[in-house]
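The lines below spell out each chain.
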Amino acid sequence: MSASTTAALPSDTVPTADRTGRLALVSTGASIALFTVTGLLGPSVVVLTLPQRAAWRPPYWWDAHPPPSLVVGLALGGLVVGAYGLYLGFRALAAGWRPRPARLVALGVAGVTALTLVPPMTSGDVLMYAAYGRIAELGGDPYHTSPADVAMLGYDPVVAAIERPWQDATSVYGPVGTWLQQAAAWLGAGSTHATVFGLQVTNALAFLAIGCLSLVLAGRDPAARARAALCVLANPILIWAVVAGAHNDAQAVVFAVAALVVVRRSPFAAGLLLGLGGSVKLTVGLYGLALLWSLRRSPRSMVMLCLGSLVTLGGTYVFAGPHVFDRVLMAPSFVSSGTPWRLLFGPLHLFVLPESAARALIGVASAVTTVLLAALLWRALPGPGIRPAEEDGRGDPRPEAVRAAAALCLAWVFTTQYSLPWYDLLGWVPLAGLLASRLDPMVVVRSGMMAMAYVPGRVVELPSGLAFVVDRIRDTVTPLVQFAVLVWLVRWCVRRGDHAGPREDVGMRTRSDGSWSRFGDGPPILLYDGDCAFCTRSVDVLERWTHTRAQLLPWQFADLAAVGTTQARAEREVLWVGQDGRIDGGAQAVARLLLHARGGWSVLGALLRVPPVRWIAHVVYRAIANNRHRLPGGTPACALPAQDRPGGGGL
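Being a predicted model, the structure only gives us computed values, none of them experimental. (Residues numbered from 1 in each chain as written. Predicted model: local features only at pLDDT ≥ 70, side-chain atom pairs only at ≥ 80, totals over all residues. Heavy atoms only, no water.)

A.B. asks: Any chance you could explain the sheet that holds strand β5 (residues 575–577) here in plain terms?
C.D. replies: Strands in a sheet are paired, the pairing made by backbone hydrogen bonds, and the direction either parallel or antiparallel. The strand order across the open sheet built from four strands is β4-β3-β5-β6, with neighbouring strands paired in mixed fashion. In this open sheet, the two strands that pair with only one neighbour each are β4 (551–554) and β6 (583–585). Mean inter-strand twist for the sheet, computed between neighbouring axes without regard to direction, equals 25°. Judged from the three bridges that link them, β5 and β6 form a sheet pairing that is antiparallel. Across the sheet, the residue bridging to W576 is D584, located in β6. Sheet strands in contact with helix α23 (residues 533–546) are β3 (525–528) and β4, and its direction is about 155° off that of β3. (Pairing = 2+ DSSP bridges. Helix = DSSP H or I, 4+ residues; strand = E, 2+ residues; numbered from the N terminus. Axes fitted to C-alpha atoms, helices over the stretch in contact; angles between N-to-C directions. Contact = heavy atoms within 4.5 Å.)

Next comes the structure, spelled out in structure tokens:
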């Protein structure tokens with residue numbers, strides 16, 4: 001919302017937005033305070049135990065021995081308050097609240113600092129990182145040697161601190177991630193307390209760098225910078241999931257966001273950064289796909305991006321050894337608790353298929369769903385809030401890269417069969433670069449509920465009553481909420497349809513000679529062969545079933561030159577004239593029609609536009625078009641050129 005838009009708001013709107021914004025800040029601060037108190041209370045079912053404590057060295061805590069119900073309640077309460085504050089912040093920004101971005105940044109930095117100075121919470125993953133780093137520091141190979149293997153050779157306090165069920169697991173992280181873990185272990189000098197704190201600092205700095213890079217992407221517009229700060233630095237859900245848990249996702253994503261920042265000036269440098277991110281976690285490859293899409297009009301830039309990625313990604317894996325890549329690819333593909341797939345996986349492997357087959361089936365379904373949702377999101381996402389640079393007369397790929405990254409990462413986050421709360425960082429960063437939309441509260445609900453499902457995210461003993469509540473939140477409430485949010489998201493994508501961005505409307509009107517010509521205010525058009533009985537019948541069926549809002553018009557009554565096509569092409573295939581003037585033919589014209597239809601037809605339309613289904617649809621369409629005179633409803637005249645048909649003559 002620009003300043004002029006803010007000025008046009010009713011006089012009582014901005015004060016209301018300011019009050020809502022202040023409440024958002026208070027809620028965010030309260031959320032971070034609750035998390036910090038949880039950590040200060042010391043080791044519990046939520047807070048990790050760090051052996052070899054040095055009282056002068058952070059992280060700090062009191063040995064209060066809090067009851068499980070207290071710390072679980074504090075953590076859940078902090079997430080509820082934080083999610084509410086985040087929702088209020090988005091509402092206030094949309095209503096005209098214009099906080100100083102520096103205030104949001106300061107709040108976020110304070111929260112990150114506070115949660116770095118207390119012990120890690122909600123997950124024992126950081127103890128696993130410390131163990132892998134220690135194994136590497138001792139000269140072992142964490143991709144071959146598990147913590148249990150080291151324990152058989154002798155006692156090591158850092159390796160022994162790892163929690164269930166990871167004692168027998170070898171590393172599945174990339175070589176750069178392992179080197180960072182090894183550096184923390186070297187600095188820790190055999191102390192679990194010091195090693196873990198080194199990892200906490202590394203992750204906190206990476207998270208702060210992500211927030212700063214998001215502000216750089218937002219440019220100088222205060223509203224865009226405030227949104228970027230709210231989405232990342234001052235996001236209490238992310239601070240809890242990524243910083244309080246000390247997860248290395250921040251180490252991977254920081255390289256990917258840096259690649260978005262530099263790609264306009266140097267695609268090769270962007271590729272180098274992407275490769276480094278992939279050498280921590282391969283999931284940042286989604287950012288690579290987004291950057292490739294944004295550079296598709298410049299083959300040279302695409303090649304440079306790929307070369308840069310190959311140098312660092314290939315170089316680090318070759319240096320570490322090819323077995324590292326094998327281990328990363330062999331990471332187990334579980335169906336995690338809290339995902340919508342859990343609702344299907346349970347009955348499937350209990351009553352229908354063996355567990356391995358059920359996992360494989362869920363994995364395929366998850367991949368297909370991710371592709372479909374990414375296609376729907378690409379149509380529906382709002383435009384990027386990043387202003388493109390026009391220096392040197394070159395186009396700026398960053399706005400389109402941010403939008404593509406949002407479509408890919410959010411689709412993956414919502415539909416992958418193995419999802420954890422800290423994975424959401426991947427989607428929040430590009431979301432920060434988009435304009436406000438109804439997608440914002442969906443992501444808040446998704447991330448907040450997922451974070452609640454993993455309180456505590458450890459294998460620990462709980463009182464029976466508390467265990468029942470925690471288990472039901474994780475295996476019943478959260479999957480149901482995630483499924484409901486996914487349905488909400490798909491319906492939003494379908495309803496937005498072609499209205500996701502500013503486009504020129506295109507329609508047809510009658511000319512003086514009785515034909516139809518193009519004009520600038522109306523729905524899109526489907527042009528078909530009105531002299532072909534099979535085509536006419538097919539179009540009638542499509543219109544009756546899909547309730548499309550498009551105009552369905554025989555090409556014989558259209559001014560094809562004004563539309564921008566030829567009679568030869570109109571005879572060969574059905575044509576779709578979009579609202580932006582773009583013309584699609586054949587199977588893609590049918591796909592566009594379905595995307596513009598009401599109900600669930602848009603999902604089928606999205607599928608028809610995604611390879612390899614797109615290629616198969618093209619072959620099937622050509623086979624039908626070339627043999628339409630042989631199909632039910634067709635006549636021999638359907639195979640003739642227009643001028644040779646009875647009563648033909650075209651235009």
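Having seen the model, we can carry on.
A.B. asks: What am I meant to see in the nonpolar core here?
C.D. replies: The tendency in soluble globular proteins is for nonpolar side chains to be buried side by side. In this structure, F207, W240, Y287 and L377 are the most contacted members of the largest nonpolar core, which totals 128 residues. Counting residues per element, this core draws most heavily on helix α19 (residues 398–415), which supplies twelve residues. Look past the residues within four positions of W240 in its chain and what remains in contact with it is F35, V46, A75, L79, M121, T122, G245, A451 and V455. In terms of nonpolar packing, the next biggest core, distinct from the first, is built from 21 residues, W61, L127, A130 and L199 among them. (Core = buried A, V, L, I, M, F, W, Y, C linked by side-chain atoms within 4.5 Å. Buried < 20%, exposed > 50% of the residue type's maximum accessible area, 1.4 Å probe, protein only.)

A.B. asks: Got a minute to help me understand helix α5 (residues 125–137) in this structure?
C.D. replies: Residues spaced three or four apart along an α-helix point in a common direction, a consequence of the helix completing one turn every 3.6 residues. Taking 1.5 Å per residue, 13 residues should reach 18 Å; α5 reaches 18 Å between its end C-alpha atoms and fits that length. Where burial is concerned, most of α5 is hidden: twelve out of the 13 residues are buried. Among the residues of α5, D125, V126, L127, M128, Y129, A130, A131, Y132, G133, R134, I135 and A136 are the ones counted as buried. On its buried face, α5 is in contact with α6 (147–153), α7 (157–160), α8 (175–188) and α9 (192–218). Immediately downstream of α5, the backbone of G139 shows phi near 95°, a positive value. (Expected span 1.5 Å × (residues − 1).)

A.B. asks: Looking at this structure, how should I read a nonpolar patch on the surface?
C.D. replies: Among the surface-exposed residues, L23, V26, Y84 and Y87 lie close enough to one another that they form a single nonpolar patch of about 380 Å² accessible area. Of all the elements in the fold, those that place two or more residues in the nonpolar patch are α2 (13–40) and α3 (68–94). Residue classification places L23 among the partly exposed positions, given a relative accessible area of 40%. (Patch = residues over 30% accessible without salt bridge, like charges linked within 9 Å, V, L, I, M, F, W, Y side chains within 5 Å. Areas by Shrake-Rupley, 256 points an atom, 1.4 Å probe, with all protein chains shown as cover. Salt bridge = Lys/Arg side-chain N within 4 Å of Asp/Glu carboxyl O.)

A.B. asks: Would you mind going over the pairing of β4 with me for this structure?
C.D. replies: On a regular strand, one side chain projects to one face of the sheet and the next to the other, so that they alternate. Examined bridge by bridge, β3 and β4 share four bridges and lie parallel to one another. Its bridge partner lying in β4, L526 is registered against L552. Handedness of the crossover joining β3 and β4 through α23 is recorded here as right-handed. (Right-handed = clockwise from strand over helix to strand, strands pointing away.)

A.B. asks: Can you help me understand the side chain of S31 in this one?
C.D. replies: The topology assignment puts S31 in helix α2. Since its relative accessible area comes to 0%, S31 is described here as buried. S31 has contacts with G78, V81, G82 and P236, leaving out every residue within four places of it along the chain.

A.B. asks: Can you walk me through unusual backbone geometry in this structure?
C.D. replies: With glycine set apart, most residues show a phi of negative sign, and most peptide bonds adopt trans. In this structure, P165 follows R164 across a cis peptide bond, with omega equal to 0°. The linkage connecting V455 with the following residue, P456, adopts the cis geometry, with an omega of -10°. Residue position: P456 is located in the loop between α21 (439–453) and α22 (464–496). Notably, Q52 is not glycine yet its phi reads approximately 60°, a positive angle. For Q52, the position within the fold is in the loop between α2 and α3. Residue classification places Q52 among the partly exposed residues on the basis of a relative accessible area of 35%. A positive phi is found at H65, a non-glycine position, where the angle reads about 50°. Relative to the assigned elements, H65 resides in the loop between α2 and α3.

A.B. asks: Could you clarify how one ought to interpret the packing of α9 against helix α12 (residues 249–262) in this entry?
C.D. replies: At their nearest, the axes of α9 and α12 sit 9 Å apart, and the two run at 20° to each other. Here α9 is positioned roughly parallel relative to α12, judged by the angle of their axes. Relative to α12, the crossing made by α9 is left-handed. Contacts between α9 and α12 involve T202, N203, A206, F207, A209, I210, L213, S214, V216 and L217 from the former and A250, Q251, V253, V254, V257, A258, L260 and V261 from the latter. A per-class count over the contact of α9 with α12 returns 14 nonpolar, four polar and no charged. (Parallel < 35°, antiparallel > 145°, perpendicular 65-115°, else oblique. Left-handed = near helix turned anticlockwise from the far one by under 90°. Nonpolar A, V, L, I, M, F, W, Y, C, P; charged D, E, K, R; others polar.)

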